[in-house]
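Summary of the model geometry
Chain by chain, the residues run as shown.
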Amino acid sequence: MRIIDLRGKRLTRAEMLAAMPRAEMGTKEATDLVRPILDDVKERGAAALRDFEEKFDHVRPEHLRVPVEAMKQALDELDPEVRAAIEESVRRSRAVSASQVPQDFHTDLAPGARVAERWIPIQRVGLYVPGGKAVYPSSVIMNVVPAQTAGVESLAIATPPSKATADGLPDKTILATCAILGVDEVYAVGGAQAIAMFAYGARGSEPQDGEVLCEPVDKITGPGNIFVATAKSMVSGIVGIDAVAGPTEIAIIADAGANPSWVAADLIGQAEHDELAGSVLITDSEDLAKQVQASLDQRVPRTEHAERVATSLTGRQSGIILTDNLDQSIDAANAYAAEHLEIQTADADAVVPRIKNAGAIFRGPYSPVPLGDYMSGSNHVLPTSGTARFASGLGVHTFMKPVEVIEYDEEGLKTLAARINTFAVSEDLPAHGECVLSRFIKDPYDKATIKQQEEQAGLR
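The following refers to the structure shown. (Residues numbered from 1 in each chain as written. Predicted model: local features only at pLDDT ≥ 70, side-chain atom pairs only at ≥ 80, totals over all residues. Heavy atoms only, no water.)

All right, on to the overall build of the protein chain then. Scanning the protein chain from N- to C-terminus turns up 19 helices and 16 strands. Along the first, second and third principal axes, the C-alpha atoms of the protein chain reach 90 × 70 × 40 Å. A total of 460 residues make up the protein chain; the buried ones form 48% of that total. The long-range fraction of contacts in the protein chain, counting pairs at least 24 apart against all pairs at least 6 apart in sequence, stands at 72%. Put simply, the protein chain has 45 plus and 66 minus side-chain charges, and the middle of one group is 3 Å from the middle of the other. (Helix = DSSP H or I, 4+ residues; strand = E, 2+ residues; numbered from the N terminus. Buried < 20%, exposed > 50% of the residue type's maximum accessible area, 1.4 Å probe, protein only. Contact = heavy atoms within 4.5 Å. Lys, Arg positive; Asp, Glu negative; His and termini not counted. Charge placed at Lys NZ, Arg CZ, Asp CG, Glu CD.)

Okay, structure coming up:
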């Protein structure tokens, strides 16, 4: 892994941000490829979806919408140990999600003057579950559970068809997970074409599709590759999105007392996802850095996806950041704003409150990232590429929207009417003031007598 040496340097905020390792993303090229996909799905619906599945996933699904019977069969055939693991993950996720539900409230400002806030579930959401180099039933859980907890009325899942199945349906573990969660609207559609289907809807092209294959959604969530991320960015505004996700990443703040073998294993675990995945060690101990590198040299050749891991660890998006002390390590971590931030220091509890930017914080050596990926109860759909400086991970709040309810009666408005008019006139929006005054005076358009009318009406 390359070394980024910050020791002895006093960097400005801009210089610190620029020093962080990041993957290069070919967004322009992706945009040029995604635009015609979005347009074609919008125009031809299911016919275009089948064409793109055949082109990109090398499968032409007979059933774009997965039959419910196939999901039930997948659940019946699921390995009991895998089922138990999935059900435990669901149980823990439901427990945490239940605690996240925001509460309605109201504020009484004066007699007859109340502002309330309601949290309203989004009506229909499209949840994307990636395929590609791995199968992610865990992402089904991470998307579905908070949406269900929020009270979303209509949930649809899109996930690529599997080349391993003769019927062109998605991976059976994903289908079984959908069945466990009670989701019956699942589509064998991946990539940018799935995002287009959610954004625009898709009419059917074959009898099994029905007249309408998929109705449009209000919001799209879930991670994916650069083409999925680009498609989400391009349809945002037509629908809501959770985020535009980049490659996955981990940063580890570690001191001299950290276990170098565990640190190395955690860096490898994240690098396994993708050649563009970022694995970053931030440490004030050069000795630890050398020990971690030595452990990597031993471990990487022995892991199953050694070539992918090696490409990731030696890429520009990965590296070892050497710092003068723990304070500078924390500064670097806040600048990097990792999707996953592990803290393996002598006093992790003292470090946690000082972290301002991270998708999720994994405190101590026994809270590794895979715990959050599968079973901790937290959500693994998290902000990437430094966006944790202003964004947060997926949760119940993602699937709800706060709506204020303004509840003023006659007396409540009357006490403010003259002041509202004054404010409106100062902004050269007199009709705003006239709207309010019309409820209390005879002629709000007679500016010469406005104050007199206000006094007579008891507004002053």
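Having seen the model, we can carry on.
The backbone of His58 sits at a positive phi, close to 60°, despite the residue not being glycine. Mapped onto the secondary structure, His58 falls in the loop between helix 3 (46–57) and helix 4 (68–76). Taking relative accessible area as the criterion, His58 reaches 56% and is therefore assigned exposed. The phi dihedral of Asp428 falls on the positive side, at around 60°, and the residue is not glycine. Relative to the assigned elements, Asp428 resides in the loop between helix 17 (417–426) and helix 18 (430–437).

This next bit is on the packing of aromatic side chains. This model, assessed by the stated rule, comprises two aromatic pairs. An angle of 10° between the planes, with centres 6.0 Å apart, marks the rings of Phe52 and Phe56 as stacked. With Phe52 and Phe56 both in helix 3 and four residues apart, this pair spans about one turn of that helix. Judged by relative accessible area, Phe56 falls into the partly exposed class, the value being 38%. Ring geometry for Trp262 against Tyr366: centres 5.4 Å apart, planes inclined by 70°, an arrangement best described as edge-to-face. Pair noted here: Trp262 is in helix 10 (residues 260–271) and Tyr366 is in the loop between strand 15 (360–363) and helix 15 (369–374), with a separation of 104 residues, a long-range link. According to the relative accessible area criterion, Trp262 is partly exposed, its value standing at 34%. (Phe/Tyr/Trp six-rings, centres within 6.5 Å; stacked < 30°, edge-to-face > 60°.)

A few words now on the sheet that holds strand 9 (residues 219–221). The five strands are arranged 6-5-4-9-10 in an open sheet whose pairing can be described as parallel. Either end of the sheet is taken by a strand with one partner, and the two such strands are strand 6 (186–188) and strand 10 (240–241). By the bridge criterion, three bridges tie strand 4 (residues 124–128) to strand 9 in an arrangement that is parallel. Bridging from a neighbouring strand, Val125 pairs with Lys219 of strand 9. Along the sheet, helix 8 (residues 191–200) makes contact with strand 4, strand 5 (154–159), strand 6 and strand 9, crossing strand 4 at roughly 175°. (Pairing = 2+ DSSP bridges. Axes fitted to C-alpha atoms, helices over the stretch in contact; angles between N-to-C directions.)

These values are about where atoms sit, not about what they do.
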